[in-house]
Structure formats: structure tokens, C-alpha cells
Amino acid sequence: MWPNERLINLFDIELPIIQAPMGGSVFSDMVVAVSEAGGLGSLACALLSVEQARRELETIRRKTSRPINVNFFCHQQPGGDSAREMNWRRRLEAYYVEMGLDHNGTVLSSNRTPFDDKMCDLVVEFHPEVVSFHFGLPDRDLLARVRRTGAKIVSSATSVDEARWLEDQGCDAIVTQGYEAGGHRGMFLTQEIFTQVGTMALVPQVVDAVRVPVIAAGGSPMRVA
């Protein structure tokens, strides 16, 4: 039925559709709906506590026995830079005054937690069929624990170099994220944004560079090569 069934066979799904693991927007109900429809439902855990992730996974496993994907971030937590913060506060002070805001107040931000031992414990406990990562891969010990569960391992690449690196580390499939992709950039081998190319250019380059299945981020359904 499909011109390329490598990904369908790899993930044991019926349709070449992977629901994007959108942190803060997708929870157990959508994951279950997509998996039950024959695609691969994906739970984003970067914005969830261990307890929240456990509750979502308990609900998912109770409502579907079909394959699911659980997604994690592998970024390095940024350190504080008080001098830089004071500089931008000074430059914006006039706007704070104009709007009647306290320019010395605390600035709230979301906390995206990188994959760690506690989240890995959940992977071991719930055995998701696919585990995907963003911003590279976790350290070797954590990755080995995930691999021992039998999960297929996926990560995103924003360049050919990143795709080759991911394949060398044993990824079973690679998601290509072009320059125009929404939200955060999954760059991890470089922070130079000018090196990034669009999806239509990136996908064929990555397909030529690696042997594992390649997934184009964005669109419906995702293109698989």
C-alpha cells in the first residue's frame, strides 16, 4: 500500500504518521487516539515532572496496547549570567516604567528538564516501543538502559553531520528538522544558525548520508525515506 514501509515495519504501526510530541499541548488522550488510529502517538515529557509523566503513561497503557513514542530533551541546562540579565533589564527599563511594571521583578520561564535517571526508570517500567530525543542523545549509560528495554531509538537532526552522528550512535531512525520548523531548534553539534537549511533541501541530503529510515518533521503525514 505504501511506497516505503521501512518505518511502518520498524515501529509496528499501520500508518506512516508520527504525532509530534508537543510539550504542554499533547497529553494521554491524543497519544491514545493516534495510536489507536494506526499511527504512532507521542508523549512529550520535557515539561512534565516524573509524577506527571507516570500518570500520563499509566493512562496510555490502560487505554491502548498499541505502540507509543515517549520523547525527552537532552539539552544542557543553561547557567545564569547576571551581567547579561542586568544589561537587558537596563535597556528595557523605560518600557517597564511606561507599562507600570517592576523591572526588578522575577521573570518567569518554563522549565524543560533533560532526560535523567528518574525519567529513565519510567522508560524501564513502562516499556514504550519507541523512545525519541531532542538535542542529541543522553549519556551512554542512560542510552544503554533505554536500549535494553527493546525500545527503538530516534532523535532529531538539523544537519547532515548531526544525522551521521546519530546513526553512528545507533539510532534506529532519524527525524530531519529543517530551518523553517516551528518552535525550538534541535541543534546540538553547533549553535551557528546560519548553517541550517530548509526541510526540502535537508531530507534528500540526509537520505543519501545514512542508511536508517529518515523522517521529515512537519506536514501530515510525515514523509519517510
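Above this text is the structure in question.
What counts as what
Residues numbered from 1 in each chain as written. Predicted model: local features only at pLDDT ≥ 70, side-chain atom pairs only at ≥ 80, totals over all residues. Heavy atoms only, no water. Helix = DSSP H or I, 4+ residues; strand = E, 2+ residues; numbered from the N terminus. Rg over C-alpha atoms; globule rule 2.2 N^0.38 Å. Buried < 20%, exposed > 50% of the residue type's maximum accessible area, 1.4 Å probe, protein only. Contact = heavy atoms within 4.5 Å. Areas by Shrake-Rupley, 256 points an atom, 1.4 Å probe, with all protein chains shown as cover. Lys, Arg positive; Asp, Glu negative; His and termini not counted. Charge placed at Lys NZ, Arg CZ, Asp CG, Glu CD. Core = buried A, V, L, I, M, F, W, Y, C linked by side-chain atoms within 4.5 Å. Arc of directions from axis to C-beta. Polar contact = N/O pair within 3.5 Å; in protein donor to acceptor, adjacent residues only side chain to side chain. Pairing = 2+ DSSP bridges. Axes fitted to C-alpha atoms, helices over the stretch in contact; angles between N-to-C directions. Salt bridge = Lys/Arg side-chain N within 4 Å of Asp/Glu carboxyl O.

A. Representation of the overall build of the chain in the model. A tally of helices and strands in the chain yields eight helices and six strands. Taken from N to C terminus, the helices and strands of the chain fall in the order α-α-β-α-β-α-α-β-α-β-α-β-α-β. Taking 17 Å as the expected radius of gyration for a compact globule of 225 residues, we find that the chain reaches 19 Å, a close match to that expectation. By its C-alpha atoms, the chain is 60 × 40 × 35 Å across when sized along the principal axes. Evaluated residue by residue, the chain yields a buried proportion of 44% over its 225 residues. Pairs at least 24 apart in sequence give 59% of the contacts found in the chain among residues at least 6 apart. Accessible surface computed for the chain: about 12500 Å², of which carbon and sulfur atoms make up 52%. Across the chain, 22 positive and 28 negative side-chain charges occur, with their mean positions spaced 1 Å apart.

B. Spatial organisation of the nonpolar core. If you look at the biggest cluster of nonpolar residues, it comprises 39 residues, and the most contacted ones within it are F72, F115, F133 and V146. Top contributing element to this core by residue count: helix 5 (residues 117-126), with five residues. Among all residues touching F133, those that are not within four sequence positions of it are N71, F72, C74, F115, P138, L143, V146, I153, V154, S155 and S156. Counting residues in hydrophobic clusters, the runner-up holds ten residues, among them F11, I18, V130 and I215.

C. Region of the structure containing helix 6 (residues 140-148). Those residues of helix 6 lying buried are L142, L143 and V146. Take helix 6 and look down its axis: the buried residues cluster within an arc of 100°, on one side only. Turned more than 90 degrees away from the buried face of helix 6, the exposed residues are R140, D141 and R148. In this structure, the buried side of helix 6 is in contact with helix 5, strand 3 (130-134) and strand 4 (152-157). At the N-terminal boundary of helix 6, the capping side chain belongs to D139, with an oxygen 3.1 Å from the backbone nitrogen of D141. Residue G150 follows helix 6 closely and has a positive phi angle near 95°.

D. Expanded view of the sheet that holds strand 1 (residues 41-44). One open sheet holds the six strands; their spatial order is 1-2-3-4-5-6, and the pairing between them is parallel. Every other strand in the sheet has two partners, leaving strand 1 and strand 6 (214-216) as the edge strands with one partner each. Adjacent strand axes in the sheet meet at a mean angle of 25°, parallel and antiparallel pairs treated alike. Pairing of strand 2 (residues 68-73) with strand 3, which is carried by five bridges, proceeds in the parallel orientation. When the sheet's bridge partners are listed, F72 is paired in strand 3 with F133.

E. Local environment of the pattern of salt bridges. For the structure on display, the rule yields five salt bridges. With a shortest N-O distance of 3.3 Å, E129 and R61 are connected by a salt bridge. Here R61 lies in helix 3 (residues 50-63) and E129 lies in the loop between helix 5 and strand 3, a separation of 68 residues in the sequence. Taking relative accessible area as the criterion, E129 reaches 27% and is therefore assigned partly exposed. Classification of R61 as partly exposed rests on a relative accessible area of 24%.

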